Amino acid sequence: MPLPEPMFCAQQINIPPELPDLLKEFTKAAIRTQPQDVLQWSAAYFSTLSKGEPLPVKERVEMPVATQKTDTGLTPGLLRVLHRQLAAGGIVPVEEVEQKWKDLCLPQAQLLSILQLDHQGREVEWMKFLALACSALGGSITTALKYACEILTEDPEGGAARIPFQTFVFLYKYLAQVDGDISDTTVQEVLGALEEEAGKQGGMIQPRNFLSPQCPPLS
């Protein structure tokens, strides 16, 4: 007769003391991020956790926005995650962007459409990629810059979403160049008006400034 299965009691099972907290944080992260492919995202979560890298985790559950499609594509929260993971280097290998994109279960076709807007070689300048990705979220150049401010700001959630004026200048000029239909005169009028506002705000600019009726139209 085969030997019976060994019996274990709770006292014989060694549970690592850090396991409950680890699983609790993992569960909270999964709920906030709502990944489309839980297994793929989980592999990325524990891989980055083991390396001490920024996790593929949203700060909070996102509410749908008017310009956001109800599909599995990019959202402001997911773009904020990518920024945390990839911005430090400035210049990022395309392979790394592709991997982080895949980790968040985002569609490959959407990434390719962003890269095709302005990309050569096997590296991307992260701030340019961020600007194009903000445009991919939908809406006008004004909406894209509003998203950029909200992602780049160090202000708390719901705050003014201020960023350095020079960062805004770089993003606006770049998006205007990619657009191709925004004249140099328009760009200079906008930046002239906003520079005055930034001077009153410690060199910072916020969406309220370029959304104001007193600011010339950005496009």
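Residues numbered from 1 in each chain as written. Predicted model: local features only at pLDDT ≥ 70, side-chain atom pairs only at ≥ 80, totals over all residues. Heavy atoms only, no water.

Focus on the overall build of the chain
Rules: Secondary structure elements are defined from DSSP: runs of H or I of at least 4 residues count as helices, runs of E of at least 2 residues count as strands, and each element is numbered from the N terminus. A radius of gyration in this sense is built from C-alpha atoms; the matching globule rule multiplies 2.2 Å by the number of residues raised to 0.38. A simple rule labels every residue: compare its accessible area, found with a 1.4 Å probe on the protein chains alone, to the largest value its type can have, and call it buried under 20%, exposed over 50%, or partly exposed in between.
Helix and strand counts for the chain come out as 10 helices and 4 strands. Mapped from its N terminus to its C terminus, the chain presents α and β elements in the order α-α-α-β-α-α-β-α-α-β-α-α-β-α. Scaling as 2.2 N^0.38, a compact globule of 219 residues should have a C-alpha radius of gyration of about 17 Å, whereas the chain reaches 22 Å, well beyond that. Expressed as a percentage of its 219 residues, the buried residues of the chain come to 40%.

Regarding the environment of Ile205
Filter applied, for reference: Any two residues whose heavy atoms approach within 4.5 Å at even a single point are treated as in contact.
Within the secondary structure, Ile205 sits in strand β4 (residues 204–205). Taking the C-alpha atoms as reference points, Ile205 and Thr167, 38 residues apart in sequence, are found 9.2 Å from one another. Once residues lying within four places of it in the same chain are set aside, the contact partners of Ile205 are Ala161, Arg162, Ile163, Phe165, Phe168, Leu194, Glu197 and Ala198.

Structural notes on the nonpolar core
As a reminder, the rule being used: Side-chain atoms within 4.5 Å are what join buried Ala, Val, Leu, Ile, Met, Phe, Trp, Tyr and Cys residues into a set we call a nonpolar core.
Core analysis: the biggest nonpolar cluster contains 52 residues, and Phe168 and Tyr172 have the highest contact counts within it. At the level of elements, α3 (76–86), α4 (94–103), α5 (108–115), α6 (126–136), α7 (141–152), α8 (165–179) and α9 (184–199) are the ones that each hand at least two residues to this core. In this view, Phe168 contacts Leu145, Ile163, Leu191, Leu194, Ile205, Phe210 and Leu218; residues no more than four positions away in its chain are not counted. Grouped together as the second largest cluster of nonpolar side chains are 7 residues, Phe26, Ala30, Trp41 and Val57 included.

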